Amino acid sequence: KELIHKMVVRTNHRGPDDAGSLVTAGWSLGNNRLAIMDLSQNGHQPMQTADGHFVIVYNGEIYNFQEIRSELEGLGYRFKSKTDTEVLLYSYVEWQEKCLQKFNGMFAFAILNTRNGELFIARDRIGIKPLFYYSKAGKFIFSSEVKAILDHPISSPLDIDSLNSFLRVLYVPAPRTIWQDILKLSPGHYMKVSAGGLVRTFRYWQIPEQS
């Protein structure tokens, strides 16, 4: 509880309207909310499904969420908020990773399956929204900003190869960062992190090749 609270405080400038956290047996999730779609507490994050099976933390905006919401309502889903967060959450419940093909927007989000302990993380197609992570020795930490990851008692020295890249081209190509063992989730990719710490990364979109 102390660590996730520290991470939320560290990044509170990202969402001044609300903050929340959830601690389970295997995971801790936190969020700072910038309220745009629904200013009420119905948009509070972490947000859970009605049965508590899935929990989401999300940063971004889905431009076509109203159309997706209508489709989900046609399938029998009911919503308590006017947020795109809730639409994103139930899109994953219905379509799993295939939901990413439906989203038009910018996003970085994580959804926890509370029953099997698996975490699903995704980033938008061209990487407008940031997502960094650390995975080592059975520990997995993620955040929109590296400084929140560094609140944990981890060793992450400077990556000299990444520093060389920065000095040459003025940026560090994904998935690397300037720190060893801290990586970026590449644009157009998603990850599945098992309860045991197994991390698998998949590409769901790339720029089509021109003939």
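Participant: Describe in detail a nonpolar patch on the surface, supporting the description with residues and values.
Facilitator: On the surface, Phe166, Leu167 and Leu170 cluster together into a nonpolar patch covering about 340 Å² of accessible area. Within the secondary structure, Phe166 sits in helix α5 (residues 160-169).

Participant: If you had to explain the environment of Ile68 to someone new, which residues and values would you point to?
Facilitator: Tracing the backbone through its elements, the reader meets Ile68 in helix α2 (residues 65-74). A C-alpha to C-alpha distance of 7.8 Å links Ile68 and Ser91, two positions 23 residues apart in sequence. Setting aside anything within four residues of it in sequence, one finds Ile68 in contact with Ile62, Val87, Ser91, Trp95, Lys102 and Phe103.

Participant: So what's going on with the sheet that holds strand β9 (residues 182-184)? Which residues, and what values?
Facilitator: Across the sheet, three strands lie side by side as β8-β7-β9; this open sheet has antiparallel pairing. Each edge of the open sheet carries a strand with a single partner, namely β8 (139-143) and β9. On average, adjacent strands in this sheet sit at an angle of 25° to one another, irrespective of strand direction. Relative to β8, strand β7 (residues 132-136) is paired through five bridges, and the arrangement is antiparallel. Residue pairing across strands places Ser135 opposite Phe140, the latter belonging to β8.

Cut-offs and rules
- Residues numbered from 1 in each chain as written.
- Predicted model: local features only at pLDDT ≥ 70, side-chain atom pairs only at ≥ 80, totals over all residues.
- Heavy atoms only, no water.
- Patch = residues over 30% accessible without salt bridge, like charges linked within 9 Å, V, L, I, M, F, W, Y side chains within 5 Å.
- Areas by Shrake-Rupley, 256 points an atom, 1.4 Å probe, with all protein chains shown as cover.
- Salt bridge = Lys/Arg side-chain N within 4 Å of Asp/Glu carboxyl O.
- Helix = DSSP H or I, 4+ residues; strand = E, 2+ residues; numbered from the N terminus.
- Contact = heavy atoms within 4.5 Å.
- Pairing = 2+ DSSP bridges.
- Axes fitted to C-alpha atoms, helices over the stretch in contact; angles between N-to-C directions.

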